[in-house]
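Reading the structure
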Amino acid sequence: IVQPTFIYGGDEFALNPPRVSTSIGQIAEDILGLYPVAALSEALPGVLGVATEAPIGVERVAAAAVNAAIGLCGGKHVLEGRDEIIIAACKRRGPEEECLINDEAECDIEVDERRQGLKAKLTSLGADDEKEAFAIMEELEKLRPAPTANNEFLLGRWDFMFNVEPDMGTGIIKEILEGDTPIQLVFDLDDLHLAVSEEGGENIVRVIVSTKILQQKAELVLKTSFEADDSDPFGTMFVEKFEGIRLAGIDLPVPDSWKRSRPLEFSYVDETMMIARGNGGEPHFLVRGQK
């Protein structure tokens, strides 16, 4: 049983059941799904809380139902609310390596050559090739070299490759990073990358945003922790928890209600590249940072 609140998808608006179009729904989910807004929604009573809850795409509702039906949700039969549906929708099957060679060593070589060819193709694509990029990333996920929960390559700096990410948020970031418009006089984005570390036995992710505000440098750091999802048999799913924000070296006060959890998947990691999927399920392509 899947029990969502507001669903978006298609081109039509409806009140019963409540549903908005894809174009409006995606924008609403991006804004209402932010940590502070989601926390406010939970705090508001009754209808106000429901009205400010982020909608969820019909594709994710369908994916959650399918994953629950085929047993990828740990025997859970009732998915109530957006968070549970998102977590269920993010469940994915393990890799399926195809090799017709009987010799194991030769088979490993064949798979590695196929993997390297896909990586070379992926890094050569541009902004107009997002469909091909997504198809390549999905194929690479099936050929990942090892379960990522214990992958030593996970730690370190990772740079986003925005050329193959067509969603609204990364598109805006790319324009600010590469653009030359009047907005750069007020706000300029110098760098954005991911840093994964292990600190005191805890896995930490920092999203580090190097900016200039009115030509003055200011670094924004969003910190989350993550731990393995024990219900995932493939070693790629994690539960990520928001921990805090630092601006220009100062830790900002963060209400406990902001410290929410959400699914995170490192679906492919090797020595040079990573594919990560957030709670929306969309793949993000990152390369090992050189800075």
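Scroll up for the structure.
Here we summarise the structure given alongside this text. (Residues numbered from 1 in each chain as written. Predicted model: local features only at pLDDT ≥ 70, side-chain atom pairs only at ≥ 80, totals over all residues. Heavy atoms only, no water.)

What follows concerns the pattern of salt bridges. Should their charged atoms come close, side chains of opposite charge can pair. The full count for this structure, using the stated rule, is nine salt bridges. With its nearest N and O atoms 3.2 Å apart, the salt bridge here joins Arg115 to Asp112. Taken together, the residues Arg115 and Asp112, both in helix 6 (residues 104-124) and three residues apart, mark about one turn of the helix. Residue class for Arg115 comes out buried when judged on its relative accessible area of 9%. Judged by its relative accessible area of 33%, Asp112 falls in the partly exposed class. The salt bridge involving Lys119 is made with Asp270; its shortest N-O contact spans 2.8 Å. Taken together, the residues span a long stretch of sequence, with Lys119 in helix 6 and Asp270 in the loop between strand 13 (261-269) and strand 14 (273-277) at a distance of 151 residues. Residue Lys119 is classed as buried on the basis of its relative accessible area, which comes to 9%. (Salt bridge = Lys/Arg side-chain N within 4 Å of Asp/Glu carboxyl O. Helix = DSSP H or I, 4+ residues; strand = E, 2+ residues; numbered from the N terminus. Buried < 20%, exposed > 50% of the residue type's maximum accessible area, 1.4 Å probe, protein only.)

This paragraph deals with a nonpolar patch on the surface. Side chains of Leu247, Ile250 and Leu252 sit close together on the surface and give an oily, nonpolar patch of about 250 Å² of accessible area. Locating Ile250 in the fold gives a position in strand 12 (residues 250-252). (Patch = residues over 30% accessible without salt bridge, like charges linked within 9 Å, V, L, I, M, F, W, Y side chains within 5 Å. Areas by Shrake-Rupley, 256 points an atom, 1.4 Å probe, with all protein chains shown as cover.)

What follows is about helix 7 (residues 130-142). Taking 1.5 Å of rise per residue, the 13 residues of helix 7 would be expected to cover 18 Å, and the 19 Å separating its terminal C-alpha atoms lies within 8% of that figure. Within helix 7, the full set of buried residues consists of Ala133, Ile136, Met137, Leu140 and Glu141. The buried residues of helix 7 occupy an angular sector of 145° when the element is viewed end-on, so they sit on one face. (Expected span 1.5 Å × (residues − 1). Arc of directions from axis to C-beta.)

Now for the nonpolar core. Counting 17 residues, the largest nonpolar core has Phe226, Phe266 and Met274 as its most contacted members. Counting residues per element, the ones that place at least two in this core are strand 7 (156-160), strand 8 (187-199), strand 9 (202-213), strand 13 and strand 14. Setting aside residues no more than four positions away along its own chain, Phe226 makes contact with Leu154, Val196, Asn203, Ile204, Val205, Phe238, Val239, Glu240, Leu264 and Phe266. Grouped together as the second largest cluster of nonpolar side chains are 15 residues, Val111, Leu143, Ile275 and Val287 included. (Core = buried A, V, L, I, M, F, W, Y, C linked by side-chain atoms within 4.5 Å. Contact = heavy atoms within 4.5 Å.)

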